[in-house]
Amino acid sequence: MGAFFTNLLVRTQDVEAVVRAVSSMLAVGGWKRVETAEDGRNVLVVAAGEWVAVYDQGTEEQLAGVLEDVAKDVSMFLGAHAVATLVEDGSYLLVQLFDAGEAIGFVERGESGVSINTGALRPWLRLFPDPARLTAAAEAMKAEHVLVEDNLRAFASALDLPRDAIATGFRYATESPATGARMLSFVPAPPETPRSPDVRPVHAQEPAPHEEGGVTWGCTFRNHGAGFRGVRVVLGRTNGDVRIARVSITVGGSEFSSGEPASVERRFDPPLALEAPLVLDLEDLQVPAGAPEEYLAKLKLIGFEAWARTAMPALLTFDIEVTSPATGLGMLTLATGPLGETALAQLDVVVVA
């Protein structure tokens with residue numbers, strides 16, 4: 001198994017300027033700087049010759065677009081060139097070049113080969129004006145190696161980039177930080193206390209056949225607002241002969257939720273034909289307060305457990321058994337939210353009968 005890591009190299013020798021850029025960029029994004037944060041987003045900033053290396057714990061999760069956004073913001077703040085690197089499992093490598101907030105070039109190596117941005121490496125001439133070096137860098141990316149880290153080191157050598165700095169990430173760099181390295185710590189700025197519930201769809205599973213015939217359908221919703229007691233569930237169909245045999249609803253129910261999960265189940269024997277929408281008013285079901293989606297997105301950058309402790313307790317999980325005496329397709333809809341609310345969050349699914 002290969003390495004997973006990310007990093008950002010900024011073309012400057014001013015470590016303090018990079019510290020200010022990172023701090024300002026994250027502050028605008030809703031992050032609060034603190035003295036230390038074991039359960040937060042930590043960023044190591046360290047001098048690397050003609051460059052300053054930035055190892056951001058938030059980009060190590062490798063969520064789409066995060067590293068690119070950091071690179072754009074830091075390079076724009078400083079009006080400088082920056083090189084962002086991502087290595088995934090030793091088999092995928094992406095190196096991107098930025099100029100004052102503009103993405104101007106990339107080199108990508110994966111299982112399908114090497115891809116270089118339109119214009120080949122010519123956009124890289126802004127920072128690396130020697131065509132011979134660029135040719136050597138392109139050849140380094142094309143060379144066959146077991147791990148892309150070897151391509152990366154050869155690529156860095158061709159362009160006189162700091163090899164050690166570009167071939168590591170946050171976890172490795174913090175094991176033995178260089179002299180003069182600056183560790184910055186951030187936590188998400190606390191969200192405002194929500195005044196009303198905010199239930200939204202999360203995910204709808206593909207219908208799966210169950211042993212008794214028919215199918216089972218699962219879906220999830222999450223409360224992003226104030227907690228509430230009393231849940232309305234509305235099941236309907238838009239076509240087909242869809243019949244409901246069982247509906248179960250669980251609130252929370254993960255190892256990251258405190259206490260026992262709240263669960264309600266309704267069975268229908270014989271299965272209930274949805275001639276009209278089925279409305280279930282569950283007056284005693286309690287749904288805890290949740291966090292806004294923007295806040296949860298920040299917690300994802302810290303790590304799964306930090307996200308799960310906040311996100312999972314406010315999750316509503318539905319498990320529905322559906323039968324049909326006919327062959328064909330049926331469209332089932334499920335909407336849910338607090339009792340008394342008219343605009344309910346809804347998910348749809350095509351059920352194969």
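Residues numbered from 1 in each chain as written. Predicted model: local features only at pLDDT ≥ 70, side-chain atom pairs only at ≥ 80, totals over all residues. Heavy atoms only, no water.

Undergrad: A description of unusual backbone geometry should follow, citing residues and the corresponding values.
TA: Cis geometry is found at the peptide bond from Asp-269 to Pro-270, where omega equals 5°. Of note, Asp-89 is a non-glycine position whose phi angle comes to about 55°, a positive value. Tracing the chain through its elements places Asp-89 in the loop between strand E5 (81-88) and strand E6 (92-99). With phi around 50°, Ala-100 is a residue other than glycine that occupies positive phi space. Among the secondary structure elements, Ala-100 is positioned in the loop between E6 and strand E7 (102-110). The class of Ala-100 is partly exposed, set by a relative accessible area of 37%. (Helix = DSSP H or I, 4+ residues; strand = E, 2+ residues; numbered from the N terminus. Buried < 20%, exposed > 50% of the residue type's maximum accessible area, 1.4 Å probe, protein only.)

Undergrad: Now, about the side chain of Thr-12: what can you tell me, with residues and values included?
TA: Within the secondary structure layout, Thr-12 lies in the loop between strand E1 (5-10) and helix H1 (15-28). Among the polar contacts made by the side chain of Thr-12, one reaches the main-chain amide nitrogen of Asp-14 at a distance of 3.1 Å. Those residues in contact with Thr-12 that sit more than four places away from it in its chain are Val-18, Glu-50, Trp-51 and Val-52. (Polar contact = N/O pair within 3.5 Å; in protein donor to acceptor, adjacent residues only side chain to side chain. Contact = heavy atoms within 4.5 Å.)

Undergrad: If you had to explain helix H4 (residues 148-159) to someone new, which residues and values would you point to?
TA: Over its twelve residues, H4 runs 17 Å from end to end, which matches the ideal 16 Å to within 8%, given 1.5 Å per residue. The complete set of buried residues in H4 reads Val-148, Glu-149, Asn-151, Leu-152, Phe-155, Ala-156, Ala-158 and Leu-159. Looking at the buried side of H4, the elements it contacts are E1, E5, E6, E7, helix H3 (131-142) and helix H5 (163-166). Downstream of H4 by one or two residues, Asp-160 has phi in the positive range, about 60°. (Expected span 1.5 Å × (residues − 1).)

Undergrad: Could you give an account of the environment of Val-45, naming the residues involved and the relevant values?
TA: Inspection of the secondary structure assignment puts Val-45 in strand E3 (residues 41-48). Relative accessible area serves as the criterion here: at 0%, Val-45 is assigned to the buried category. For the pair Val-45 and Leu-296, spaced 251 residues apart in sequence, the C-alpha separation works out to 26 Å. In this structure, Val-45 is in contact with Val-15, Val-18, Val-19, Val-52, Ala-53, Ala-181, Arg-182 and Leu-184, ignoring residues within four places of it in sequence.

Undergrad: If you had to explain the pattern of salt bridges to someone new, which residues and values would you point to?
TA: According to the stated counting rule, one finds 17 salt bridges in the structure shown. Arg-153 is the partner of Asp-150 in a salt bridge, and the nearest nitrogen-oxygen pair spans 3.6 Å. Taken as a pair, Asp-150 and Arg-153 lie in helix H4 at a separation of three residues, close to a single helical turn. Look at the salt bridges and you will find they share partners, linking Arg-246, Glu-265, Arg-267, Asp-319 and Glu-321 into a network. (Salt bridge = Lys/Arg side-chain N within 4 Å of Asp/Glu carboxyl O.)

Undergrad: How would you sum up the side chain of Asp-56? Please name residues and give values.
TA: Structurally, the position occupied by Asp-56 is in strand E4 (residues 51-56). Since its relative accessible area comes to 3%, Asp-56 is described here as buried. Asp-56 has contacts with Thr-6, Arg-41, Asn-42, Val-43, Val-70 and Phe-170, leaving out every residue within four places of it along the chain.

Undergrad: Just give me the short version of the sheet that holds strand E9 (residues 182-188), but keep the residues and values in it.
TA: Taken together, nine strands build an open sheet; the order of strands is E2-E9-E3-E4-E1-E5-E6-E7-E8 and the sheet is antiparallel. Of all strands in the sheet, those bounded by a partner on one side alone are strand E2 (31-34) and strand E8 (113-116). Direction aside, neighbouring strands of the sheet carry axes that sit 20° apart on average. Pairing between E7 and E8: four bridges, direction antiparallel. Across the sheet, residue Glu-108 finds its bridge partner in E8, namely Ser-115. On top of the sheet, H3 reaches E6, E7 and E8; it is set at about 40° to E7, its chief contact. Most of the contacts of H4 go to E6, to which it runs at about 30°, and overall it touches E1, E5, E6 and E7. (Pairing = 2+ DSSP bridges. Axes fitted to C-alpha atoms, helices over the stretch in contact; angles between N-to-C directions.)

Undergrad: Mind laying out the environment of Glu-294, listing which residues take part and the relevant values?
TA: Here Glu-294 shows up in helix H7 (residues 293-302). Overall, Glu-294 belongs to the exposed group, its relative accessible area being 53%.

Undergrad: Requested: an account of helix H2 (residues 66-78), with residues and values cited.
TA: Here H2 contains 13 residues, and its C-alpha end-to-end distance of 19 Å stays within 8% of the 18 Å for a straight helix at 1.5 Å per residue. What H2 keeps buried is the set Val-66, Leu-67, Val-70, Ala-71, Val-74 and Ser-75. Taken down its axis, H2 places every buried residue within 150° of arc, on the same side. (Arc of directions from axis to C-beta.)

Undergrad: Please give an account of the packing of aromatic side chains that cites residues and values.
TA: By the definition in use, this model includes five aromatic pairs. Look at Trp-124 and Phe-128: their rings are 6.3 Å apart centre to centre, the planes differ by 25°, and that puts the pair in the stacked class. Taken together, a centroid distance of 5.7 Å and an interplanar angle of 40° make the contact between Phe-304 and Trp-307 tilted. Pair noted here: Phe-304 and Trp-307 are both in helix H8 (residues 304-311), with a separation of three residues, about one helical turn. Classification of Trp-307 as buried rests on a relative accessible area of 13%. Aromatic rings pair up to connect Trp-124, Phe-128 and Phe-155 into one cluster. (Phe/Tyr/Trp six-rings, centres within 6.5 Å; stacked < 30°, edge-to-face > 60°.)

Undergrad: Mind laying out the pairing of E3, listing which residues take part and the relevant values?
TA: The side chains of a regular strand alternate between both faces of the sheet. In terms of burial, E3 is largely enclosed, as seven of its eight residues are buried. As defined by bridge partners, E3 adjoins E9 across five bridges and the pair is classed as antiparallel. Residue Arg-41 lies in a different strand from E9, and its bridge partner there is Phe-186. With six bridges connecting them, E3 and E4 associate as antiparallel partners. The residue bridging Val-45 from the neighbouring strand is Val-54, located in E4. In sequence, E3 turns back onto E4 through a hairpin of two residues, with Gly-49 there showing a positive phi of about 70°.

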